[in-house]
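Chain residues, written in single-letter form:
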Amino acid sequence: MTITGFTGAGLDRADHLRLDPRRLAALMAHEEARLLRLAELDPVLDEEGRLAWEALAADAGDCLFLGLDEGVPLFAPLVRTAALGQRAWSVFRLLAMMSARDAAIWGAARSVNEWHNRHGFCGICGTATSIFRAGWGRKCPSCDAEHFPRVDPVVIMLAEHDGRVLLGRQPQYPERRYSALAGFVEPGESIEEAVARELMEEAGIAVSDVRYVASQPWPFPGSLMIACIASADSDVLSLDANELEDAFWATRAEVEAALAGDPAAPFQAPPAFAIANTLLTRWSAGG
Ligand SMILES: [Zn+2]
């Protein structure tokens, strides 16, 4: 199994304990139980650059049960915040320092927290909902509807043509950054159809032979990134200026130089925790 960004937490999520109030109370009272520290929704790191944890207080109240780490129960706070949908570039600097495992643990906590903040009311009858399933759901006291944290599938892809791949640039990217094109999967679409539609919409490229490569969660706020490579029928671009500021076809040598951090490379590669980096690495290795 490929370890991509925000994966590899290695926790036993122990779903069977989430609805068992007696055993959940025992986990919270466990003498080694730990609570993740968060600054709003951002990670807090200790001096060694690892996630910071504290003892779980007896009056901790509602928490998210992250899972068991070799028998030790781990929790995250459920925080009320107005900082929704924000992803400060400072978080990306912290992520660049964090281990994949820590990023995975924090990513799950961040996604679930953002979902709770956005879904305080029942989508069916409008009543204020309550936390249940140890933080992994909300329940409506009026109509009994159960609501679960949402995961939004996003396709991210490289179109390949004659030994080169298509890379694009959005206006908000850091200087020189280019990445794989991406877009949300819509209702009624397969992954393959979403890849073909997005490449046609954003770059005017028709593709065939869409191949799945890998996936990763992306906790801003709750996407599942599905990485693919597709064969382009032609290399003639027609860019959607609302989506892309620029795009170009990169050779294998140019991709290798960017991944190696070569300042002479024609673009800056996406960070290692982004699946676009995994995708480029796999493609440059001939995958
Ligand atoms: Zn309801």
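The shown structure was predicted, so the numbers you read here are calculated from the model rather than taken from an experiment.

Draft legend 1. Inspection of the pattern of salt bridges at higher detail. As enumerated under the stated definition, the model contains 19 salt bridges in all. D46 serves as the salt-bridge partner of R50, at 3.6 Å between the closest nitrogen and oxygen. The partner of E189 in a salt bridge is R197, with the nearest N and O atoms 2.4 Å apart. E189 sits in the partly exposed class, given a relative accessible area of 21%. Looking at R197, the relative accessible area reads 16%, which means it is buried.

Draft legend 2. Molecular detail of the packing of helix α6 (residues 252-259) against helix α7 (residues 275-284). Close contact between α6 and α7 brings their axes to 10 Å; oriented N to C, the two are set at 130°. As judged from the angle between their axes, α6 and α7 are oblique. The handedness of the crossing between α6 and α7 is left-handed. Residue-level inspection shows R252, V255, E256 and L259 of α6 in contact with α7, the latter providing N277, L280, T281, W283 and S284. Of the residues contributing to the contact of α6 with α7, the split by class is 4 nonpolar, 3 polar and 2 charged.

Draft legend 3. Here's a closer look at the pairing of strand β6 (residues 72-77). With 6 of 6 residues buried, β6 lies mostly within the body of the structure. On β6, burial covers both faces: V72, L74 and A76 on one face and P73, F75 and P77 on the other are all buried. In the sheet, strand β1 (residues 34-36) pairs with β6 via 2 bridges, with the strands oriented parallel. Counted as the bridge partner of L35 is F75 from β6. Bridge analysis of strand β5 (residues 63-69) against β6 gives 6 bridges, and the strand direction is antiparallel. From the neighbouring strand, D69 faces β6, where its bridge partner is V72. Where β5 folds back onto β6 in an antiparallel hairpin, the turn is made up of 2 residues, including E70, whose phi is positive at roughly 50°.

Draft legend 4. Focus on the nonpolar core. Counting residues in each nonpolar core, the largest one holds 51 residues, and the members touching the most others are L95, W106, L158 and F267. Looking at this core element by element, the count peaks at 6 residues for helix α4 (residues 100-118). Excluding residues that lie within four positions of it along the chain, L95 makes contacts with F6, A103, W106, F220 and F273. Counting 19 residues, the second largest nonpolar core, distinct from the first, contains M157, L181, V185 and A203.

Draft legend 5. Quick peek at the sheet that holds strand β7 (residues 130-132). In spatial order, the strands read β7-β8-β9; together these 3 strands make up an open sheet with antiparallel pairing. On the outer flanks of this sheet lie β7 and β9 (146-147), each paired with one strand and no other. In the sheet, strand β8 (residues 137-139) pairs with β9 via 2 bridges, with the strands oriented antiparallel. The residue of β9 that forms the bridge with R138 is H147.

Draft legend 6. Representation of the sheet that holds β6. On the basis of which strands lie adjacent, the open sheet formed by 4 strands has the order β4-β1-β6-β5 and mixed pairing. Edge positions in the open sheet fall to β4 (53-55) and β5, since each of these has one partner strand only. The average undirected angle you get between the axes of adjacent strands in this sheet is 35°. Packed onto the sheet, helix α2 (residues 21-29) meets β5 and β6 and runs at close to 75° relative to β5. Across the sheet, α4 touches β1, β4, β5 and β6, and the angle it forms with β5 is around 155°.

Draft legend 7. Broad picture of the coordination of the zinc ion. C122 (SG), C125 (SG), C140 (SG) and C143 (SG) make up the full set of protein donors to the zinc ion, lying at 2.3 to 2.4 Å. Metal-centred angles of 98 to 118° between the 4 donor atoms at the zinc ion mark the site as tetrahedral. Here the donor residues of the zinc ion are spaced in sequence according to C-x2-C-x14-C-x2-C. You can see C122 sitting in the loop between α4 and β7 and its partner C143 sitting in the loop between β8 and β9, a full 21 residues away along the chain. The buried category is assigned to C122, whose relative accessible area is 5%.

Rules of the game
Residues numbered from 1 in each chain as written. Predicted model: local features only at pLDDT ≥ 70, side-chain atom pairs only at ≥ 80, totals over all residues. Heavy atoms only, no water. Salt bridge = Lys/Arg side-chain N within 4 Å of Asp/Glu carboxyl O. Buried < 20%, exposed > 50% of the residue type's maximum accessible area, 1.4 Å probe, protein only. Axes fitted to C-alpha atoms, helices over the stretch in contact; angles between N-to-C directions. Helix = DSSP H or I, 4+ residues; strand = E, 2+ residues; numbered from the N terminus. Parallel < 35°, antiparallel > 145°, perpendicular 65-115°, else oblique. Left-handed = near helix turned anticlockwise from the far one by under 90°. Contact = heavy atoms within 4.5 Å. Nonpolar A, V, L, I, M, F, W, Y, C, P; charged D, E, K, R; others polar. Pairing = 2+ DSSP bridges. Core = buried A, V, L, I, M, F, W, Y, C linked by side-chain atoms within 4.5 Å. Donors = N, O, S within 2.8 Å, 3.2 Å for Na, K, Ca; no water. Tetrahedral: all angles 85-135°; square planar, octahedral: opposite > 155°, others 65-115°.

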